[in-house]
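Residues per chain, in single letters:
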Amino acid sequence: MLVKIYEQNPSEKELRRVVDLLERDEIVIYPTDSVYAFGCSLRSAKAIDKLRRIKGKGSAAFTVVFENIAQVAEYCRVDNAVFRILKRNLPGPFTFVLAASARIPDKALERRRTIGVRIPANGVARAVVGALGYPMITASVKDDDEVVEYTTDPELIHERYGSDVALVIDGGIGDNVPTTVVDLTGDEPEILREGKGDLQ
């Protein structure tokens, strides 16, 4: 199913449809401020397993997408220095690696104690998490093409993954540059991957 949701004034009815699917252990694909991404409920072990199968062995660790920084602080360890960095850069095209609290399920962590955190500067992504009421597990939609790493057209994404996921949100043509990944678990911020975001 391919559903159009607009960033300005996203449809309550369509958001409800997405949330109903997430609450029923389904996976959706949604737009972010960087590349399109898979999303499933943080509370669904079944959906997390399904997402791991879709992504395949050896794929990157999952990240968690939040509605706002207050929600991040409920699930991760956020001291004053970390809070200031998050506040300067989010919402935005960053993945910040933080120490996870016990509220992040072990199934999402895979024996790690850290988790990547996202608050996209995309109204659709944040509206979905807001309507759900708690975070989503997320992973980038990658392309099998070695030249073009990320597919930007939601219709092509639907053609490729429509049988694997319950719904693809059409939020327009996406970007093909991934997030900047920054590790905030040490004494100083460490950039692990240069991407779309310029760290402030």
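Structure's up top.
None of these values were measured; they are calculated from a predicted model.

J.: Any chance you could explain the overall build of the protein chain here in plain terms?
T.: When helices and strands are counted, the protein chain shows seven helices and 10 strands. Here the protein chain has a C-alpha radius of gyration of 16 Å; the compact-globule value for 200 residues is 16 Å, and the two agree. For the protein chain, the spread of C-alpha atoms along the three principal axes comes to 45 × 35 × 35 Å. For the protein chain, with 200 residues in total, the buried portion stands at 49%. Considering only residue pairs separated by 6 or more positions, the protein chain has 63% of its internal contacts joining residues 24 or more positions apart. In the structure as shown, the protein chain presents an accessible area of about 9900 Å², 45% of it carried by carbon and sulfur atoms. Within the protein chain, one finds 27 positive and 31 negative side-chain charges whose respective centroids are separated by 6 Å.

J.: For this particular structure, what's the right way to read the layout of surface pockets?
T.: Over the atoms rolls a probe the size of a water molecule, and its path tells where empty space is left. Here the largest pocket is characterised by a volume of approximately 670 Å³. What lines the largest pocket is a set of 35 residues, and nearest its centre among them are Lys55, Ala60, Ala61, Ala139 and Ser140. As a volume, the second largest pocket reaches approximately 210 Å³. Along the wall of the second largest pocket there are 14 residues; nearest its centre are Asp79, Ala81, Val82, Leu184 and Gly186. Counting only elements with at least two residues in the lining of the second largest pocket, the list comes to α4 (80-89) and β5 (94-99). Considering only residue class, the lining of the second largest pocket consists of eight nonpolar, two polar and four charged.

J.: I'm lost on the nonpolar core in this one. Help?
T.: If you look at soluble globular proteins, the nonpolar side chains tend to sit buried side by side. Formed by 61 residues in total, the largest nonpolar core has its most connected members in Ile29, Leu86 and Ile137. Looking at which element gives the most residues to this core, the answer is helix α6 (residues 123-132), with six residues. When neighbours within four sequence positions are excluded, Leu86 is seen to be in contact with Ile69, Val72, Val78, Phe96, Leu98 and Leu184.

J.: Which parts of the structure should I look at to understand the side chain of Asn89?
T.: Tracing the chain through its elements places Asn89 in helix α4. If we skip the residues at most four places from it in the chain, Asn89 touches Phe94, Phe96, Asp198, Leu199 and Gln200.

J.: In this structure, what is going on with the environment of Ala73? I would like to understand it.
T.: Along the polypeptide, Ala73 turns up in helix α3 (residues 69-75). When the C-alpha atoms of Ala73 and Ser101 are compared, they prove to be 9.2 Å apart, with 28 residues separating the residues in sequence.

J.: Explain unusual backbone geometry here, please?
T.: Outside of glycine, negative phi angles account for most residues, and trans bonds account for most peptide bonds. Each neighbour pair has its own omega, and for Leu90 with Pro91 the value is -5°, a cis peptide bond. The residue Pro91 is located in the loop between α4 and β5 in this model. The backbone of Asn9 sits at a positive phi, close to 50°, despite the residue not being glycine. Its place among the elements puts Asn9 in the loop between β1 (2-4) and α1 (12-23).

J.: Where do I start with the environment of Phe62 in this structure?
T.: With respect to the secondary-structure elements, Phe62 resides in the loop between α2 (45-55) and β4 (63-65). When its relative accessible area of 3% is taken as the criterion, Phe62 is described as buried. Separated by 53 residues in sequence, Phe62 and Ile115 place their C-alpha atoms 7.6 Å apart. The residues touching Phe62, leaving out its near neighbours within four places in the chain, are Ile48, Leu51, Arg52, Lys55, Arg112, Ile115, Gly116, Ile137, Thr138 and Ala139.

J.: Which parts of the structure should I look at to understand the pattern of salt bridges?
T.: Side-chain pairing between opposite charges can occur once the charged atoms of the two side chains come close. Inspection of the entire model under this criterion finds 10 salt bridges. Between Arg113 and Asp106 there is a salt bridge, and its shortest N-O distance comes to 3.9 Å. Look at Asp106 and you get exposed, because its relative accessible area is 57%. When salt bridges that share partners are traced, they join Arg16, Asp20 and Glu23 into one network.

J.: Could you clarify how one ought to interpret the packing of α1 against α6 in this entry?
T.: Between two packed helices, the angle of one axis relative to the other and the distance separating the axes together describe the packing. Put simply, α1 and α6 touch, their axes get as near as 9 Å, and they point 60° apart. It follows from the interaxial angle that α1 and α6 lie oblique. In this structure, α1 crosses over α6, and the sense of that crossing is right-handed. Contacts from Leu15, Val18, Val19, Leu22 and Glu23 of α1 reach α6 at Ala127, Val128, Ala131 and Leu132.

Conventions we followed
In this numbering scheme, every chain counts its residues from 1 along its sequence in written order. Only residues with pLDDT of at least 70 are given local features in this predicted model, and only at 80 or more are side-chain atom pairs given and counted; all residues enter the totals for whole chains, interfaces and linings. Only hydrogens and water are removed before side-chain values are computed, so all heavy atoms of the structure are retained for them. Secondary structure elements are taken from DSSP: a helix is a run of H or I of four residues or more, a strand is a run of E of two residues or more, and numbering for both begins at the N terminus. Computation of the radius of gyration draws on C-alpha atoms, with the globule rule given as 2.2 Å multiplied by the number of residues to the power 0.38. Each residue is placed in one exposure class: buried if its accessible area under a 1.4 Å probe, protein chains only, is under 20% of its type's maximum, exposed if it is over 50%, and partly exposed if it falls in between. Only heavy atoms matter for contacts: two residues are in contact if any of them lie within 4.5 Å across the pair. Accessibility throughout is a Shrake-Rupley quantity obtained with a 1.4 Å probe, and a residue counts as covered only by protein chains that appear here. Counting rule for charge: Lys and Arg are taken as positive, Asp and Glu as negative, and neither His nor the chain ends is counted. Charge positions are represented by NZ for Lys, CZ for Arg, CG for Asp and CD for Glu. Buriedness of a pocket was judged along seven lines, with at least five required to meet protein on both sides within 12 Å; pockets are open sets of points on a 1 Å grid over the protein atoms alone, cavities are sets where a 1.4 Å probe fits but cannot get out, and lining residues have an atom within 4 Å of a point. Grid points are joined across faces, edges and corners, and a volume is the space filled by probe spheres set on the points. Residues were grouped as follows: Ala, Val, Leu, Ile, Met, Phe, Trp, Tyr, Cys and Pro as nonpolar; Asp, Glu, Lys and Arg as charged; and all remaining residues, including Gly, as polar. Residues enter a nonpolar core if they are buried and are Ala, Val, Leu, Ile, Met, Phe, Trp, Tyr or Cys, with the set joined through side-chain atoms within 4.5 Å. The rule for a salt bridge is simple: a side-chain nitrogen of Lys or Arg has to be within 4 Å of a carboxyl oxygen of Asp or Glu. Between N-to-C directions, angles span 0 to 180 degrees; the directions come from axes that are lines fitted to C-alpha atoms, helices contributing only their stretch in contact. Each angle receives one of four descriptions, namely roughly parallel if under 35 degrees, roughly antiparallel if over 145, roughly perpendicular if within 65 to 115, and oblique otherwise. Rotating anticlockwise by less than a right angle from the far helix to the near helix defines a left-handed crossing, while the corresponding clockwise rotation defines a right-handed one.

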